[in-house]
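Summary of the model geometry
What follows is each chain in one-letter form.
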Amino acid sequence: MTTKAPVVAFDQVSKAYGEVRAVDELTLTLHPGETVALLGPNGAGKSTTLDLLLGLKAAHSGTVSLFGSTPREAIVRGRVGAMLQTGGLMDEVTVAELVRLACDLHPRPYRVSDVLARAGIAQIADRKVNKLSGGQAQRVRFALATAGDSDLIVLDEPTTGMDVTTRQAFWATMREQADQGRTVLFATHYLEEADAIADRVLVLHRGRLLADGTAAEIKAKAGARRVSFDLEGTIDETSLRELPFLTTIDVSGQTVRIQSSDADATVHALYGLGLYPRNLEVAGLGLEQAFVAITAAEEAKQS
């Protein structure tokens, strides 16, 4: 029985720029049909990781493989479509002409009309590329990335410049791609997108993989919960800051919002202070708060 090669495999991959390690012994594997979000603060190594994956940069150590071969071989065979932040679009051509060129170059092309419709740019097909808005240019880049039947789609900040409606339509299209068995890897600063779209989340920090799991698992890894409540009268913030297991606190008017690594103990101590919180709510962290907590903890360890 033969086992299919993973879609993407990084094995102890490192890439440095002088003294700075943009990617540091990174090991990860992506499988068919996954929708994977790549998260990390600025300088975490997200763009370098994508450049290594696409063969645009060479690793100093370790190996990167796509479908069991080199990135270049996989791309030449048309197995990879990419939408990157870097690189411009040809100006003095129409949208349709540019998309037609991408289709002509792909080993397994789609019909130009289908690509235009899928990207939501059929109505601007005759417009010159240099006359596009930022959001329209992003949709053209998406069209170029999906001009043919690729097995892996790589997206770097794909919805930058798109309005809310366009973003929703874009992700509906990407869900269709994943439902057809394609692997989708996207880097984003919109953490709500990762929470809503990805079935797997990778968190990078200083080139290292800090967390790898579902959004729910990433939230649980942060090990904290949100507690919010209202207090009457003058709020003694100094006393509140002494509550056990407190990690953050924010007081706005009569409303207190805190994060705690043991919410039950914190709430118990709150009543022990003789306070009577109103509208008490205890909930898990959202992905954004979990992301901040995980990266802050890593910074604290390295400082």
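For the structure itself, look to the data block above.
A brief structural summary. Everything numeric in this text was worked out from a predicted model, so none of it was measured.

The rules behind these values
Residues numbered from 1 in each chain as written. Predicted model: local features only at pLDDT ≥ 70, side-chain atom pairs only at ≥ 80, totals over all residues. Heavy atoms only, no water. 1 Å grid on protein atoms, 1.4 Å probe; cavity = no way out; pocket = protein on both sides within 12 Å on 5 of 7 lines; lining within 4 Å. Points joined across faces, edges and corners; volume = space filled by probe spheres on them. Helix = DSSP H or I, 4+ residues; strand = E, 2+ residues; numbered from the N terminus. Nonpolar A, V, L, I, M, F, W, Y, C, P; charged D, E, K, R; others polar. Salt bridge = Lys/Arg side-chain N within 4 Å of Asp/Glu carboxyl O. Buried < 20%, exposed > 50% of the residue type's maximum accessible area, 1.4 Å probe, protein only.

According to the stated counting rule, one finds one cavity of 30 Å³ or more in the structure shown. By volume, the largest cavity amounts to about 40 Å³. Lining the largest cavity we find Val8, Phe10, Leu28, Leu30, Leu38, Thr49, Leu53, Leu185 and Leu202. Contributions of two or more residues to the lining of the largest cavity are made by strand 1 (8–17), strand 2 (20–30) and helix 1 (46–53). Grouping the amino acids of the lining of the largest cavity by side-chain chemistry returns eight nonpolar, one polar and no charged.

Regions of empty space are outlined by a rolling probe, equal in size to a water molecule, passed over the atoms. Counted as a void, the largest pocket has a volume near 690 Å³. The wall of the largest pocket is formed by 26 residues, among which Val80, Gly81, Ala82, Leu144 and Ala145 lie closest to the centre. Contributions of two or more residues to the lining of the largest pocket are made by helix 2 (71–76), strand 5 (80–83), helix 3 (95–105) and helix 5 (134–145). Residue composition of the lining of the largest pocket, grouped by class: 18 nonpolar, seven polar and one charged. Considering the residues around the second largest pocket, the lining is formed by Arg226, Val227, Ser228, Thr248, Ile249, Asp250, Arg257, Ile258, Gln259, Glu281, Val282 and Ala283. Looking at the lining of the second largest pocket, the elements that each hand over two or more residues are strand 10 (225–230), strand 11 (246–252), strand 12 (255–260) and strand 13 (278–284). Residue composition of the lining of the second largest pocket, by class: five nonpolar, three polar and four charged.

Moving on, we get to the pattern of salt bridges. By the definition in use, this model includes 15 salt bridges. Here Asp24 ties to Arg21 by a salt bridge, and the two come within 2.6 Å at their closest N and O atoms. Given the relative accessible area of 13%, Asp24 is considered buried. Given a relative accessible area of 43%, Arg21 falls into the partly exposed group. The partner of Glu192 in a salt bridge is Arg167, and the shortest N-O contact between them spans 3.2 Å. On the criterion of sequence distance, the pair formed by Glu192 in helix 7 (residues 191–197) and Arg167 in helix 6 (residues 164–179) is long-range, its members being 25 residues apart.

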